[in-house]
Amino acid sequence: MLPSYYEFFNPVKILSGNKALDNLPYELDQLGVSRPIIVSDKGVVKAGLMKHVKAAFDSSGMTIGAIFDDVPPDSSSKVVNDIAVVYRENGCDAIVAVGGGSPIDTAKGVNIVISENSDNLMEFEGADRLKKPMQPFVVIPTTAGTGSEVTLAAVIKNTEKNVKMGFASHLLFPKVAILDPRMTITMPPHITAATGMDALSHAMESYTCLQKNPLSDAYAFAAIKMISENLPKAVEDGNDEDARSAMANASTMAGAAFSNSMCGMVHALGHSVGAICHIPHGMAMSIFLPIGLEYNLEKTEKYVAELLLPLGGMEEYTKMPEERRAARTIVLVRKLQQNLYDLCGLPRNLKEAGVPRNKLESIAQAAINDGTLTFNPLEMDEKDAMNVLNEAYTW
Ligand SMILES: NC(=O)c1ccc[n+]([C@@H]2O[C@H](COP(=O)([O-])OP(=O)(O)OC[C@H]3O[C@@H](n4cnc5c(N)ncnc54)[C@H](O)[C@@H]3O)[C@@H](O)[C@H]2O)c1
Ligand SMILES: [Fe+2]
């Protein structure tokens, strides 16, 4: 049944393919800018990826205005404010993020501070707080997971309060996203696995949470099929360019899906455990996804049953009686989780992820205050969150 009302918006131009990155200067020129700041991190530099970016500019006559390549994994409002200073000092006129969700979200934060002519990101936390037009913004994702290259959201840590702050506005969408398999091929197996499970969580939460709609459903469904067919391949053989391209596309589709339908408790718990225990976002997603699907089943059984088709394939779907399909979907998510543990040791539970048990209460408290919980099919209070966390601890 269609929702009685919904909105869907995604204005990001996508360039996908080997050497797609070489079109970056052309795209910037089309946006009317010529001195971008590149925002990235040390891991991306160490993987040798900046050479592709520089090579694209070398043959173009366009100059890079500044490079900030020291975004930390749990980027904060302080880092954002510092980069805004570099942007202004170097007379930059556009932002190019090269990296995973951390540099991308940090770059979104920089765009807020620059465009709103502020020096303090924290003034803009929340939804629809931005009013001014943004600087031209291009994203080159180097992980295949967050989908941040096509989302209206940014997640950035507030270091004083030790929580992740959410920012959401249609003004935060990048203008262009460039998916070039050369940029993800260097990802080690455990990062490939974790970020891939983030993409799967976006697609599955998008398909089952309260703001689901036909357009988000279509993106989510297609993304789940591609992830199921390609994530283990990309983890097993990082040089498999087809699997890398498929994962990059799937992650983008899952991003477009959840940017419109939003996520739920899997992300609420993931943001909280990430802020408090510093475990990577994708790792947290992998741990919480099957438990979140199970928790909401009372309201979402029909949708979870439908997901058996993209996740398990036609044969698996048709041979399974209708009333057992939802349970089977969750079993297959668990199997994928186990497969990734066998391939690269991706933790299956919070204990394996190194989360101290005495932190569970503070994680539960933070999770019930996370904005994404608003869109979860069932309510979750602190006691429910503790039950879920205890289940996630040693499962
Ligand atoms: N804005 C959104 O819509 C959204 C959605 C989900 C997650 N997030 C946020 O994204 C962040 C996580 O992003 P992430 O999972 O992409 O990880 P990340 O950006 O933190 O990167 C993880 C590690 O991988 C390295 N790396 C990245 N690309 C590489 C490559 N190609 N080769 C080798 N190493 C590489 C990085 O240097 C880093 O050490 C979290 O802060 C999370 O909250 C945002
Ligand atoms: Fe996520």
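Every chain is numbered on its own, with residues counted from 1 as its sequence reads. Chain letters and ligand numbers both follow the written order, the letters beginning at A and the numbers at 1. Given that this is a predicted model, residues contribute local features only at a pLDDT of at least 70 and side-chain atom pairs are listed and counted only at 80 or more, while totals for whole chains, interfaces and linings are drawn from all residues.

**So, the pairing of strand β7 (residues 153–158)**
- Three classes are used. A residue is buried when 20 or more other C-beta atoms lie within 10 Å of its own, exposed when 12 or fewer do, and partly exposed in between, with C-beta atoms placed from the backbone. Helix numbers and strand numbers start at the N terminus; a helix is a DSSP run of H or I with at least 4 residues, a strand a run of E with at least 2. Burial runs high along β7: 5 of the 6 residues are buried.
- Here the rule is simple: two strands pair whenever DSSP picks up at least two bridges between them. Relative to strand β8 (residues 163–168), β7 is paired through 6 bridges, and the arrangement is antiparallel. Across the sheet, residue Lys157 finds its bridge partner in β8, namely Lys164.
- If you look at the hairpin formed by β7 and β8, you'll find 4 residues sitting between the two strands, and Asn162 has a positive phi there, around 55°.

**A few points about helix α11 (residues 297–306)**
- Considered for burial, the residues of α11 that qualify are Thr300, Tyr303, Val304 and Ala305.
- For α11, the secondary structure elements touched by its buried residues are α6 (189–208), α10 (281–295), α12 (308–312) and α14 (325–344). Distance between backbone-placed C-beta atoms decides contact: two residues are in contact if it is within 7 Å.

**Thoughts on the domain arrangement of the protein chain**
- Boundaries of every domain are those given by an automatic assignment or by a domain database. For the protein chain, the assigned domains are domain 1 (13–183) and domain 2 (189–394).
- Between the C-alpha centres of domain 1 and domain 2 the distance comes to 26 Å.
- Taken residue by residue, the interface counts 27 residues in domain 1 and 28 residues in domain 2.
- At the level of elements, β1 (13–16), β7, β8 and β9 (176–179) are the ones that each hand at least two residues to the side of domain 1 that touches domain 2.
- Polar here means any residue other than Ala, Val, Leu, Ile, Met, Phe, Trp, Tyr, Cys and Pro, which are nonpolar, and Asp, Glu, Lys and Arg, which are charged; Gly is therefore polar. Considering only residue class, the side of domain 1 that touches domain 2 consists of 11 nonpolar, 12 polar and 4 charged.

**Examining the nonpolar core**
- Here, a nonpolar core means buried Ala, Val, Leu, Ile, Met, Phe, Trp, Tyr and Cys residues linked by C-beta atoms lying within 7 Å of one another. Val39, Val110, Ala203, Ala223 and Ala254 are the most contacted members of the largest nonpolar core, which totals 128 residues.
- In terms of residues, this core owes the most to one element, helix α8 (residues 241–261), which gives 10 residues.
- Shared between two domains, this core takes at least three residues from each, and those domains are domain 1 (13–183) and domain 2 (189–394).

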